[in-house]
Amino acid sequence: MANDFLEDLQQRGLVHQVSAPALADLLRQGPVVGYIGFDPTADSLHVGSLLPLLTLLRFQRAGHRPIAVVGGGTGLIGDPSGKEDERVLLDRAQIEHNVAGIRAQIERLLDLGPGAGLLLNNAEWLEPLNLIEFLRDIGKHFSVNQMIMRDSVRMRLETREHGLSYTEFSYMLLQAYDFLALYDRYGCRLQMGGSDQWGNILSGADLVRRLRGAEVYGLTLPLLTRADGKKFGKSEEGNVWLDARRTSPYQFYQFWLNTADQDVVQYLRSFTLLSLEQIDEAARAVATAPEQRDAQKLLAAEVTRLIHGPEALSRAQRATAVLFSKEADFRQLSAQELREAFHGAPSTRLEPQLLGTPAANLVAVLADVGLYPSRGRARQDVPAGAIAVNNRTIRDPNYVLSTADLLAGGFIILRKGKKHYHVLCAVGPEQATPSPTG
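Residues numbered from 1 in each chain as written. Predicted model: local features only at pLDDT ≥ 70, side-chain atom pairs only at ≥ 80, totals over all residues. Heavy atoms only, no water.

An order of β9-β13-β12-β10-β11 is seen for the five strands of this open sheet, with the pairing classed as mixed. Of all the strands in the sheet, just β9 (347-349) and β11 (392-393) have a single pairing partner and so form its edges. The pairing of β9 with strand β13 (residues 420-425) spans three bridges and is classified as parallel. When the sheet's bridge partners are listed, Arg349 is paired in β13 with Cys425. (Pairing = 2+ DSSP bridges. Helix = DSSP H or I, 4+ residues; strand = E, 2+ residues; numbered from the N terminus.)

What follows is the structure, encoded as structure tokens:
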């Protein structure tokens, strides 16, 4: 076996709870089948799902058989864990679309196939269930008294404003049935998940014990937080997604590069496959030369390569080097690098034939695209150096945008102040490329 899976997780600080000490012996005895479920509330996972994903990858590399279960069945119900409000129920078509997106992301990380990892949809065994038979055979093994003591249920019941629907209350039974179905079909002995899933995992293990007389186990991962107390996985723009169409590789790289010194070592343990010795070396760099941010660069490179591949990493690193240089020259970047770097920035189509004409007067364009409320206000600010075109400060209020301002892909990047960007897309139909906003 490549390594001791549980010991490696413990050394990385990634074990929150284990249902029984015997799990350690089971994992040492030989290959174990274990699973983690993923909720299809969107067509992409985000970095909050990265720890469970990498746990399955570590599990496989330690010689075990991982199962990733995408909740096409339970997704129609909605997990109440960690939620203050009842989820909006998605229709079947949206769930299927989301499942397909998540499957594609999991397939890139795990080795799947006969005798290897499995990627399953729990709709396969949940949708054929007969309600009466399910209540008789499964429901009778659940105590309502115990169910309402679970944190995910109790917290909602204590909040009168929100409450808990019977639909959500039943979620626990369905997830427990997942564990039973996977035990019956594949001999699955271990369920893993976030710390908020502890109650659901214990319910599944108890169901397998009652109905099959078998001992199965649960393991939960810690809830990761940032040193400043804010929720991990959020940027100023919102969720950081694994799908490049939602969060570009450049933005993804920047998210990890901006990790605080207090967090970076634990993130290296959690989100990379680097050895503990390599991480200890990075920790020493943080202690002795934090201004170099070598640990952050290592973290950003490792995670971006893992999720988006080496080519996307190279583009992100190149764009970072150009955009954060003292005299950044945007002409050094390709059209794709520009799209990824300014992904999500507001953008406006500018007809190429208008370039060089009064219609492309900078002051007029600034007002037309919304960077200023009026041309008069823009005319006041331009001479003060508040506006840059392709990172070049323009102080002439009579400046007219021309073909000389076009970057690769037909883009012109306007900047107001230090942070407010707007992308002009001025290309002919024969040269058209996707806009930075995707």
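Enumeration according to the criterion identifies 17 salt bridges in this entry. Residues participating in the shared-partner salt-bridge network are Asp4, Asp25 and Arg28. (Salt bridge = Lys/Arg side-chain N within 4 Å of Asp/Glu carboxyl O.)

What follows covers helix α12 (residues 249-257). A large share of α12 lies buried, amounting to eight of its nine residues. Of the positions making up α12, those classed as buried are Pro249, Tyr250, Phe252, Tyr253, Gln254, Phe255, Trp256 and Leu257. (Buried < 20%, exposed > 50% of the residue type's maximum accessible area, 1.4 Å probe, protein only.)

Right, let's talk about the sheet that holds strand β1 (residues 17-18) for a bit. With mixed pairing, the six strands of this open sheet are ordered in space as β1-β6-β5-β2-β3-β4. Edge positions in the sheet fall to β1 and β4 (118-121), since each of these pairs with one other strand and no more. Sheet topology note: the strand β2 (residues 33-38)/strand β5 (residues 190-194) ladder contains two bridges and is parallel. Each residue of the ladder has a partner; that of Tyr35, found in β5, is Gln191. Against the sheet, helix α2 (residues 22-29) contacts β1, β5 and β6 (217-221), and its axis sits at roughly 100° relative to β6. In the packing of helix α11 (residues 198-212) onto the sheet, the strands contacted are β1, β5 and β6, and the crossing angle to β6 comes to about 170°. (Contact = heavy atoms within 4.5 Å. Axes fitted to C-alpha atoms, helices over the stretch in contact; angles between N-to-C directions.)

The next subject is the packing of aromatic side chains. Each aromatic ring pair is characterised by the separation of its centres together with the angle its planes make. Taken as a whole and judged by the stated rule, the model has 14 aromatic pairs. Measuring from centroid to centroid gives 5.0 Å for Phe5 and Phe59, while their planes differ by 75°, and the two rings are edge-to-face. Taken as a pair, Phe5 in helix α1 (residues 5-11) and Phe59 in helix α3 (residues 50-61) lie far apart in primary sequence, 54 residues in all. Each member of the pair, Phe5 as well as Phe59, is classed as buried. Relative to Tyr177, the ring of Phe134 lies with its centre 5.8 Å away and its plane at 70°, an arrangement referred to as edge-to-face. Residue Phe134 is found in helix α6 (residues 131-137), and its partner Tyr177 is found in helix α10 (residues 171-186); the two are separated by 43 residues along the sequence. (Phe/Tyr/Trp six-rings, centres within 6.5 Å; stacked < 30°, edge-to-face > 60°.)

Residues other than glycine predominantly adopt negative phi, and peptide bonds predominantly adopt the trans conformation. Positive phi, close to 55°, is recorded for Arg293, a residue that is not glycine. Counting through the fold element by element, Arg293 comes out in the loop between α14 (276-288) and α15 (294-308). One non-glycine residue, Asn390, adopts positive backbone phi at about 55°. Inspection of the secondary structure puts Asn390 in the loop between β10 (387-389) and β11.

This part takes up the nonpolar core. Among the nonpolar cores identified, the biggest contains 62 residues, and Ile106, Trp256 and Phe271 are the most heavily contacted of them. With seven residues, α3 is the largest single contributor of residues to this core. Dropping the residues within four chain positions of it, Phe271 is found in contact with Val47, Leu50, Leu51, Leu54, Arg58, Leu224, Phe232, Trp256 and Val303. The next biggest cluster of nonpolar side chains, apart from the first, holds 31 residues, and it includes Tyr35, Leu126, Ile138 and Ala176. (Core = buried A, V, L, I, M, F, W, Y, C linked by side-chain atoms within 4.5 Å.)

Attention shifts here to the environment of Ile67. On the secondary structure map, Ile67 appears in strand β3 (residues 65-70). Ile67 sits in the buried class, given a relative accessible area of 0%. Not counting the four nearest positions on each side in its chain, Ile67 is found in contact with Val33, Gly34, Tyr35, Ile36, Leu56, Leu118, Leu120, Leu182 and Tyr186.

Here β6 lies mainly inside the structure; five of its five residues are buried. Burial along β6 is two-sided: Tyr217, Leu219 and Leu221 and Gly218 and Thr220, pointing in opposite directions, are all buried. Here β1 pairs with β6 via two bridges, running antiparallel. The residue bridging Val18 from the neighbouring strand is Leu219, located in β6. Where β5 lies against β6, five bridges are found, and the strand directions are parallel. Bridge pairing links Gly194 to Leu221 in β6. Handedness of the crossover joining β5 and β6 through α11: right-handed. (Right-handed = clockwise from strand over helix to strand, strands pointing away.)

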